[in-house]
Amino acid sequence: DAGVIQSPRHEVTEMGQEVTLRCKPISGHNSLFWYRQTMMRGLELLIYFNNNVPIDDSGMPEDRFSAKMPNASFSTLKIQPSEPRDSAVYFCASRADSYEQYFGPGTRLTVT
Amino acid sequence: AQSVTQLGSHVSVSEGALVLLRCNYSSSVPPYLFWYVQYPNQGLQLLLKYTTGATLVKGINGFEAEFKKSETSFHLTKPSAHMSDAAEYFCAVSPGGGADGLTFGKGTHLIIQP
């Protein structure tokens, strides 16, 4: 099993640019989560999906953030326009029915 | 709503000594509790989880944790620390049923002294 796959692993962009982060969950998992990790705020849940449907997006910080899950094997997190305070590590995690979430390696985003 | 408090952002122990990482939680419903470990520049790996049943749970790498409802605690222990245990450890909670996302503590950086 390849585990949760995230791309890119590192992203450096300039303020105002659009950023798209990608996630491929583990095959057969029906829930997908996006988290953000910063020194100041720690690990925060941004949004999660069950069976491709967004269930709770209350953690999405602003309208500049959007997430989609067009099918069971792919999700995106988009930031438009990006700002320096969006710099963080973004994790994707997936889960089957066992309550255990499997995390990807993360995408380290730097906005200059 | 849930919250997690991890006492001590850094804990230092000698190799071979007992490891104790503290976690207290707040939850309006019976919680599911988790400990994750994060090595530098990597994702999070599950150490152990408590859902229902036995309150003492054993995980990987010799770690265990005990759910104490009266103390709202879920402390992580390991009898003998190894150099490879040096990492960041996160306690997390989700509402009973585990259907929602996780609420994490701020993390504890475990340092192992030779």
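Scroll up for the structure.
In this numbering scheme, every chain counts its residues from 1 along its sequence in written order. Chain labels run from A onward and ligand labels from 1 onward, assigned in the order the entries are written. For a predicted model such as this one, the threshold for reporting local features is a pLDDT of at least 70, and the threshold for listing and counting side-chain atom pairs is 80 or more; totals across whole chains, interfaces and linings nevertheless cover every residue. The basis for every side-chain value is the complete set of non-hydrogen atoms in the structure, without hydrogens or water.

**Focus on unusual backbone geometry**
The following threshold applies: Secondary structure elements are defined from DSSP: runs of H or I of at least 4 residues count as helices, runs of E of at least 2 residues count as strands, and each element is numbered from the N terminus.
Between A:Ser7 and A:Pro8 the backbone carries a cis peptide bond, its omega angle lying at -10°. By the secondary structure assignment, A:Pro8 is in the loop between strand S1 (5-7) and strand S2 (10-13). A cis amide bond links A:Gln80 with the next residue in sequence, A:Pro81, at an omega value of -10°. Along the chain, A:Pro81 falls in the loop between strand S8 (74-79) and strand S9 (88-95). Positioned with a positive phi, A:Asn51 is a non-glycine residue whose angle comes to about 50°. If you trace the backbone, A:Asn51 turns up in the loop between strand S5 (42-50) and strand S6 (53-56). Even without glycine at this site, B:Thr72 takes up a positive phi of about 45°. Along the chain, the position of B:Thr72 falls in the loop between strand S7 (64-68) and strand S8 (73-78).

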